[in-house]
Amino acid sequence: MKTLLLLLIYMLAVARGAIAQDAPEDTQCVRERAAMVETIRAHARSYVSVSGQQGLSERVLKAMGQTQRLLFVPERSCSIAYADGPLPIGLGQTISQPYIVALMTELADVAPDDVVLEVGTGSGYQAAILAHLARKVCTIEIIPQLAEAAAKTLKDLSHDNVSIRLGDGYAGWPECGPFDAIVVSAALGQVPPPLIDQLKVGGRLVMPVGPAYTTQTLTVVEKTGPGQTTTRAVGLVRFVPFTRSKD
Ligand code: SAH
């Protein structure tokens, strides 16, 4: 009887959204998440045939399949959370299209022992994907409410290898680095020099470079030696602006 009562209270709490974070997704959601991975795979394949760019590795696709995007978006519907499109996350910001998250992760070429920096935590989704693939992820967010919410989501999901810092990511996070890879999730006209300084030789930085409120060029900068880089353009993307703190 007591067990039944506890079960009833638990179900009511789940229905009210009080225990949403670590509740497993229902079968329909699991199906939609798997379908999202297949959409990304197909998108990557057609992109390869059109532009000659690389496809996506199984490691990246597995991380995408393991991460419950539903927990990172305000939207409670799985068919929306697992559609391959960007979604608003509040305060004028967006979580990127899953295919773009997968592509940026692929381009960052993260190995299991890597230390990775992300600038622009937003919902924490990209950080969660990186956390599946790297040893340590350091992520910086400039909007306090988003940093707080992302920290909670990542903690609920037991991503203990992610550290979040509130602030302007332009200056990077030297105490957390040096970094094997850096992913910048907001658009700026040029790559912040401190980020290149904090990149290890052989490391990669992936970032949308270009003006705000229009399309930018998804760019990969590789550090080939101290003070030396090579840059390659991957394609056009549209990201929210990289903002600067006043101090
Ligand atoms: N990677 C995120 C998407 C974030 S959108 C996700 O997976 O959800 C870009 C984010 O960059 C926004 O949350 C925005 O507030 C943040 N941002 C913009 N300029 C920034 C800066 N200078 N430093 C740190 N974060 C910044």
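See above for the structure.
Residues numbered from 1 in each chain as written. Predicted model: local features only at pLDDT ≥ 70, side-chain atom pairs only at ≥ 80, totals over all residues. Heavy atoms only, no water.

S.K.: Looking at this structure, how should I read the environment of Ser57?
M.R.: Secondary-structure assignment places Ser57 in the loop between α2 (27-51) and α3 (58-66). Owing to a relative accessible area of 27%, Ser57 belongs among the partly exposed residues under this scheme. In sequence terms Ser57 and Thr105 are 48 residues apart; their C-alpha atoms lie 9.8 Å from each other. (Helix = DSSP H or I, 4+ residues; strand = E, 2+ residues; numbered from the N terminus. Buried < 20%, exposed > 50% of the residue type's maximum accessible area, 1.4 Å probe, protein only.)

S.K.: What exactly am I supposed to notice about the sheet that holds strand β8 (residues 216-225) here?
M.R.: Ordered in space as β5-β4-β3-β6-β7-β8-β9, the 7 strands form an open sheet in which the pairing is mixed. Because the sheet does not close on itself, it has two edges, and the strands there are β5 (162-166) and β9 (228-237). Between one strand and the next, the sheet's axes are offset by a mean angle of 15°, whatever the strand orientation. Bridging between strand β7 (residues 199-209) and β8 involves 6 bridges; their strand directions are antiparallel. Bridge pairing links Pro208 to Leu218 in β8. In the packing of helix α7 (residues 144-156) onto the sheet, the strands contacted are β4 (136-141) and β5, and the crossing angle to β5 comes to about 165°. (Pairing = 2+ DSSP bridges. Axes fitted to C-alpha atoms, helices over the stretch in contact; angles between N-to-C directions. Contact = heavy atoms within 4.5 Å.)

S.K.: Just checking my understanding: could you explain the pattern of salt bridges for this structure?
M.R.: Side chains that differ in charge, positive against negative, can pair when their charged atoms come close. Inspection of every chain in the model, using the stated rule, returns 9 salt bridges. The closest approach of N and O atoms between Arg41 and Glu38, which form a salt bridge, is 3.1 Å. Taken together, the residues Arg41 and Glu38, both in helix α2 and 3 residues apart, mark about one turn of the helix. Accessibility expressed as a relative area gives 43% for Glu38, which makes it partly exposed. The residue Arg41 makes a salt bridge to Glu58 at a minimum N-O spacing of 2.6 Å. (Salt bridge = Lys/Arg side-chain N within 4 Å of Asp/Glu carboxyl O.)

S.K.: Any chance you could explain the state of the cysteines here in plain terms?
M.R.: One covalent bond between the sulfur atoms of two cysteine residues makes up a disulfide. The tally for this structure, following the rule as stated, stands at 2 disulfides. Disulfide pairing places Cys29 opposite Cys78 at an S-S distance of 1.8 Å. Looking down the S-S bond of the Cys29 and Cys78 bridge, the torsion is 90°, so its handedness is right-handed. Of this pair, Cys29 sits in helix α2 while Cys78 is found in helix α4 (residues 78-81), placing the two residues 49 residues apart along the sequence. On the basis of relative accessibility, which here comes to 7%, the residue Cys78 falls in the buried class. Note on cysteine connectivity: Cys138 is disulfide-linked to Cys176, with sulfurs 2.2 Å apart. Negative torsions about the S-S bond denote left-handed disulfides, and the value of about -80° found for Cys138 with Cys176 makes this one left-handed. Of this pair, Cys138 sits in strand β4 while Cys176 sits in the loop between β5 and β6 (179-184), and the two are 38 residues apart along the sequence. Residue Cys138 is classed as buried on the basis of its relative accessible area of 0%. Accessibility expressed as a relative area gives 8% for Cys176, which makes it buried. With cysteine numbering restricted to those in disulfides and following the sequence, the chain has the pairing 1-2, 3-4. (Disulfide = S-S within 2.5 Å.)

S.K.: Can you help me understand unusual backbone geometry in this one?
M.R.: A negative phi holds for most residues other than glycine; trans holds for most peptide bonds. Cis geometry is found at the peptide bond from Gly177 to Pro178, where omega equals 0°. Here Pro178 lies in the loop between β5 and β6. The phi torsion at Ser158 lies on the positive side, around 60°, for a residue other than glycine. Looking at where Ser158 falls in the secondary structure, it is placed in the loop between α7 and β5.

S.K.: Looking at this model, I keep getting lost on the site of the ligand. Mind explaining?
M.R.: With respect to spatial proximity, 25 residues lie near the ligand, and among them Ser123, Glu141, Asp168, Gly169 and Thr243 are the closest. The side chain of Ser123 places a nitrogen or oxygen atom 2.6 Å from an oxygen atom of the ligand. Its free accessible area being 590 Å², the ligand has 99% of it covered by the protein chains. Of all the secondary structure elements, the ones that give two or more residues to the shell around the ligand are β2 (93-95), β3 (115-119), α6 (125-133) and β4. (Near = heavy atom within 4 Å. Polar contact = N/O pair within 3.5 Å; in protein donor to acceptor, adjacent residues only side chain to side chain. Areas by Shrake-Rupley, 256 points an atom, 1.4 Å probe, with all protein chains shown as cover.)

S.K.: Help me out: how do you make sense of the environment of Leu70 in this one?
M.R.: Along the chain, Leu70 falls in the loop between α3 and α4. Once the C-alpha coordinates of Leu70 and Arg33 are considered, the two residues, 37 residues apart in sequence, prove to be 9.1 Å apart. For Leu70, the contacting residues outside a window of four places in its chain are Glu25, Cys29, Glu75, Arg76, Ser77, Cys78, Ala81 and Tyr82.

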